[in-house]
Amino acid sequence: MGRLFLTTPIYYVNDLPHIGHAYTTVIADAVARWHRLRGDEVFFLTGTDEHGLKVQRAAEANGLSPSEHADRTAARFLETWKLLDIAYDDFIRTTEPRHHQSVQAFLQRIYDGGDIEPDTYEGLYCVACEGYYNESELGPGLTCPIHGRPVEHMSEQNYFFRLSRYQQPLLDWYAAHPDAVQPESKRNEALGIIRQGLDDVSITRTSLDWGVRVPWDPAHVFYVWFDALINYATAIGYGEKPDRFDAWWPAVHHIIGKDILRFHCVYWPAMCLAAGIDPPARISVHGYLLVGGEKMSKTRLNQIHPADLVADFGVDGFRHHFLRDAPFGPDGDFSYEGMVARYNSDLANNLGNLQARVATVVDRKCGGVGPAPRADSPLAEVVAAAHAHADDAWRRVAPSEALEATWRIVRETNSLLEAAEPWRAEPGPEVDAVLGDALEALRVVSILASPAVPYAAAEIWRRLGLEGRPEDQRLPDAVRWGGYPGGLQVIRGDPLFPRKQD
Ligand code: MSP
């Protein structure tokens, strides 16, 4: 048994939740669910990033105060996560008093240590990124390389974090922790940024009020990233509950998109070192989910909202698609046609069909009472191998691979049934044997697939006549072959996943 503190980025409240946010959050949720099945102690955190110029401007554009605007959008994120059955343990909002206190304590500690100092800064700033750029990093016409929007010239007298002092400590830390950032391509990207040389970062603003006050100079508020990153420390009691903090830190695992790699893999570990704590143990970085080949953004008007897809595919169909179809790491293109194809093949034709056909034949040949599996079933080995593979893949944050392994059980069970054709045979021991195996395979699949398709998993479990819920089972014992007791009333029910028109 282990302990896992798993996080998503905290999302800006200038945007409504779209499938890009949902992609990261569903992956993190499924990984958290897998670890809970293993009996690991899990603390899964998500939330909203509510300060900064970008949010202030979005509020103004909507004729609202920043706090009204933040309340409204945070509510939309909460609603969306409820819809998608995201089982977070804590939802943090950076406007909460607990967070203000922790940001002030964390940065005061760095200030006292001498790595925050006053200075003047002039530079080119992208409001959408809330970040400065060197001219060489910009696109044509001085545009942001991520958002394609013109950057603004800013000049400020404020406080700087001496990031430049952390080039060597960061390189040393990464050399000692070669697996900290995954996949390797993203680790190399982080090392590349560090090796290029690090400039000090301006971390306070006097030009806006919408932020956390600098405790030693209240005319300033902290720059939003230096406030936001600290949410991960706040949620486990930084500065307030030292025992709790020590229990969860640094065994943290951040899941993020590649757009915020620099902040998580360079700034944040340096801030941790400067504050006298270890950098985060693990950061998994995924690529972009593209729509029509482009990153989703408000300006491109290509955002897709989760509720629209849930209306067509259900929550399980939504979750399964994003976990199964876009391998973690590279960019992936979203397509509605691809979603229909995945839904039909994995959910309607494979899993749904297996449940329906087994329940129907048990009804016809066994009077609706499920027989027990064979001890020497050919599926026993398939199940053991799939579980081992899925466990390894979930722990590496490779959901697509984990589900591919899980669905191998579904396919092999369907093949076993097609070879034995129990629907044609006379009732008797042979029919019982193959149906018992299939019921046991379904029981195991409902546990292994529950991180991806929690509703269907619970429903299959119920239809098998089992007590409790798949998510309350514990690996590996629960998937040891032979757990289905037999003698239970099997329920047929409506199709779990009605087929979609191509
Ligand atoms: N508020 C900061 C994060 C602070 S974390 C201390 C922020 N917010 S954000 O709302 O812009 O969210 C960015 C994150 O949302 C990405 O890193 C990624 O996890 C997710 N995604 C948003 N759009 C996405 C895609 N198109 N594709 C994949 N992930 C996307 O940055």
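This structure is a prediction, so every number in the text was calculated from the model and none was measured. (Residues numbered from 1 in each chain as written. Predicted model: local features only at pLDDT ≥ 70, side-chain atom pairs only at ≥ 80, totals over all residues. Heavy atoms only, no water.)

A.B. asks: Before we go on, may I ask you to explain the sheet that holds strand S11 (residues 252–257) in this structure?
C.D. replies: The strands that make up a sheet are held in pairs by hydrogen bonds between backbone atoms, and each pair lies either parallel or antiparallel. Taken in spatial order, the six strands of this open sheet run S3-S2-S1-S11-S12-S7, and their pairing is parallel. Every interior strand has two partners, whereas the edge strands, strand S3 (90–93) and strand S7 (181–182), have only one. Pairing of strand S1 (residues 3–12) with strand S2 (residues 41–49) involves eight bridges; the strand directions are parallel. Its bridge partner lying in S2, Leu4 is registered against Val42. (Pairing = 2+ DSSP bridges. Helix = DSSP H or I, 4+ residues; strand = E, 2+ residues; numbered from the N terminus.)

A.B. asks: When you look at the pairing of S3 in this model, what are you seeing that I'm missing?
C.D. replies: Walk down a regular strand and you will see the side chains alternate between the two sheet faces. Side chains Asp90 and Ile92 of S3 all project onto a buried face; the interleaved residues Phe91 and Arg93 project onto the opposite face, where all are buried too. Direction of pairing for S2 relative to S3: parallel, over a ladder of four bridges. For Gly47, the partnering residue across the bridge sits in S3 and is Ile92. (Buried < 20%, exposed > 50% of the residue type's maximum accessible area, 1.4 Å probe, protein only.)

A.B. asks: Where do I start with the pattern of salt bridges in this structure?
C.D. replies: When the charged atoms of two side chains lie near each other, side chains of opposite charge can form a pair. Summed over the entire model, instances satisfying the criterion amount to 39 salt bridges. The residue Glu79 makes a salt bridge to Arg76 at a minimum N-O spacing of 3.3 Å. Here Glu79 pairs with Arg76, and both are found in helix H3 (residues 66–83), just three residues apart, close to one helical turn. Given the relative accessible area of 38%, Arg76 is considered partly exposed. Residue Glu404 pairs with Arg411 through a salt bridge whose shortest N-O separation is 3.5 Å. The partly exposed category is assigned to Arg411, whose relative accessible area is 33%. (Salt bridge = Lys/Arg side-chain N within 4 Å of Asp/Glu carboxyl O.)

A.B. asks: Help me out: how do you make sense of the site of the ligand in this one?
C.D. replies: Around the ligand, a shell composed of 24 residues is seen, among which Ile10, Thr24, Asp49, Asp259 and Leu289 lie nearest. At 2.8 Å, a backbone N or O of Ile10 approaches a nitrogen atom of the ligand. Here Asp49 contributes a side-chain N or O atom positioned 2.7 Å from a nitrogen atom of the ligand. Taken together, the elements giving at least two residues each to the shell around the ligand come down to S1, helix H1 (19–37), helix H7 (224–228) and helix H8 (231–234). If you tally residues by element for the shell around the ligand, the top one is S1, at four residues. Its residues assigned to classes, the shell around the ligand comprises 12 nonpolar, nine polar and three charged. (Near = heavy atom within 4 Å. Polar contact = N/O pair within 3.5 Å; in protein donor to acceptor, adjacent residues only side chain to side chain. Nonpolar A, V, L, I, M, F, W, Y, C, P; charged D, E, K, R; others polar.)

A.B. asks: Even after reading the chapter, I still don't get the packing of helix H13 (residues 379–395) against helix H15 (residues 429–448), so can you show me in this structure?
C.D. replies: Two quantities define a packed helix pair, namely the angle between the helix axes and the distance between the axes. Where H13 meets H15, the closest approach of the two axes is 11 Å, and the angle between their N-to-C directions is 5°. Judged by the angle between their axes, H13 and H15 are roughly parallel. Between H13, through Leu379, Val383, His387 and Trp394, and H15, the contact on the second element is made entirely by Asp437, Ala441, Val444 and Leu448. Its residues assigned to classes, the contact of H13 with H15 shows six nonpolar, one polar and one charged. (Axes fitted to C-alpha atoms, helices over the stretch in contact; angles between N-to-C directions. Parallel < 35°, antiparallel > 145°, perpendicular 65-115°, else oblique. Contact = heavy atoms within 4.5 Å.)

A.B. asks: Would you mind going over the packing of aromatic side chains with me for this structure?
C.D. replies: By convention here, two paired aromatic rings are described through the distance between centres and the angle between planes. Per the stated rule, a full pass over the model turns up 30 aromatic pairs. Here Tyr125 and Tyr132 contribute two aromatic rings whose centre-to-centre distance is 4.8 Å and whose plane-to-plane angle is 70°, an arrangement assigned as edge-to-face. Take Tyr125 and Tyr132: they sit in the same class, and that class is buried. Geometrically, the ring pair formed by Trp249 and Trp268 is edge-to-face, given 5.9 Å between the ring centres and 75° between the ring planes. Of this pair, Trp249 sits in the loop between helix H9 (242–248) and S11 while Trp268 sits in helix H10 (residues 261–274); the two residues are 19 residues apart in sequence, bridging distant segments of the chain. (Phe/Tyr/Trp six-rings, centres within 6.5 Å; stacked < 30°, edge-to-face > 60°.)

A.B. asks: Help me understand the environment of Gln501, please; the structure alone is not making it clear to me.
C.D. replies: Among the structural elements, Gln501 can be located in the segment after strand S17 (488–489). Linking Gln501 and Val340, residues 161 residues apart in sequence, is a C-alpha distance of 7.9 Å.

A.B. asks: What am I meant to see in the sheet that holds strand S13 (residues 289–291) here?
C.D. replies: In spatial order, the strands read S14-S13-S15; together these three strands make up an open sheet with mixed pairing. Both outer strands of the open sheet, strand S14 (294–295) and strand S15 (332–334), are each paired with one neighbouring strand and no more. Looking at chain direction, S13 and S14 are connected through two bridges and run antiparallel. Bridge assignment links Val291 to a residue of S14, and that residue is Glu294.

A.B. asks: How should the packing of helix H11 (residues 306–325) against helix H12 (residues 336–366) be read in this particular structure?
C.D. replies: Orientation of H11 relative to H12, taken along the N-to-C sense of each, is 85°, at an axis distance of 9 Å. Relative to H12, the element H11 lies roughly perpendicular. Taken together, the residues of H12 that come into contact with H11 (itself represented by Leu309, Asp312, Phe313, Asp316, Gly317, Phe318, His320, His321, Phe322, Arg324 and Asp325) are Tyr336, Gly338, Met339, Val340, Arg342, Tyr343, Asp346 and Leu347. Here the contact of H11 with H12 is composed, by residue class, of nine nonpolar, four polar and six charged.

A.B. asks: So what exactly am I meant to see when it comes to the environment of Val252 here?
C.D. replies: Positionally, Val252 belongs in strand S11. In this structure Val252 comes out as buried when scored by relative accessible area, which is 2%. Sequence-wise, Val252 and Leu379 are 127 residues apart; in three dimensions their C-alpha atoms are separated by 37 Å.

A.B. asks: Any chance you could explain H12 here in plain terms?
C.D. replies: Residues that lie three or four places apart on an α-helix share one face, since the helix turns once every 3.6 residues. The principal kink in H12, of about 40°, is found at Asn353. Looking at the residues trailing H12, positive phi occurs at Gly367, about 60°. (Bend = angle between axes of the 7 residues up to and from the residue.)

A.B. asks: Sorry if this is basic, but what is going on with unusual backbone geometry here?
C.D. replies: It is generally the case that most residues other than glycine have a negative phi and that most peptide bonds are trans. Gln182 connects to Pro183 through a cis peptide bond whose omega is -5°. Residue placement: Pro183 occurs in the loop between S7 and helix H6 (184–195). The linkage connecting Trp249 with the following residue, Pro250, adopts the cis geometry, with an omega of 5°. Position of Pro250 relative to the elements: it lies in the loop between H9 and S11. Positive phi values are uncommon outside glycine, yet Asp85 reaches one of about 60°. Relative to the assigned elements, Asp85 resides in the loop between H3 and S3. The backbone phi angle of Glu421 is positive, close to 45°, even though this residue is not glycine. With respect to the helices and strands, Glu421 occurs in the loop between helix H14 (399–420) and H15.

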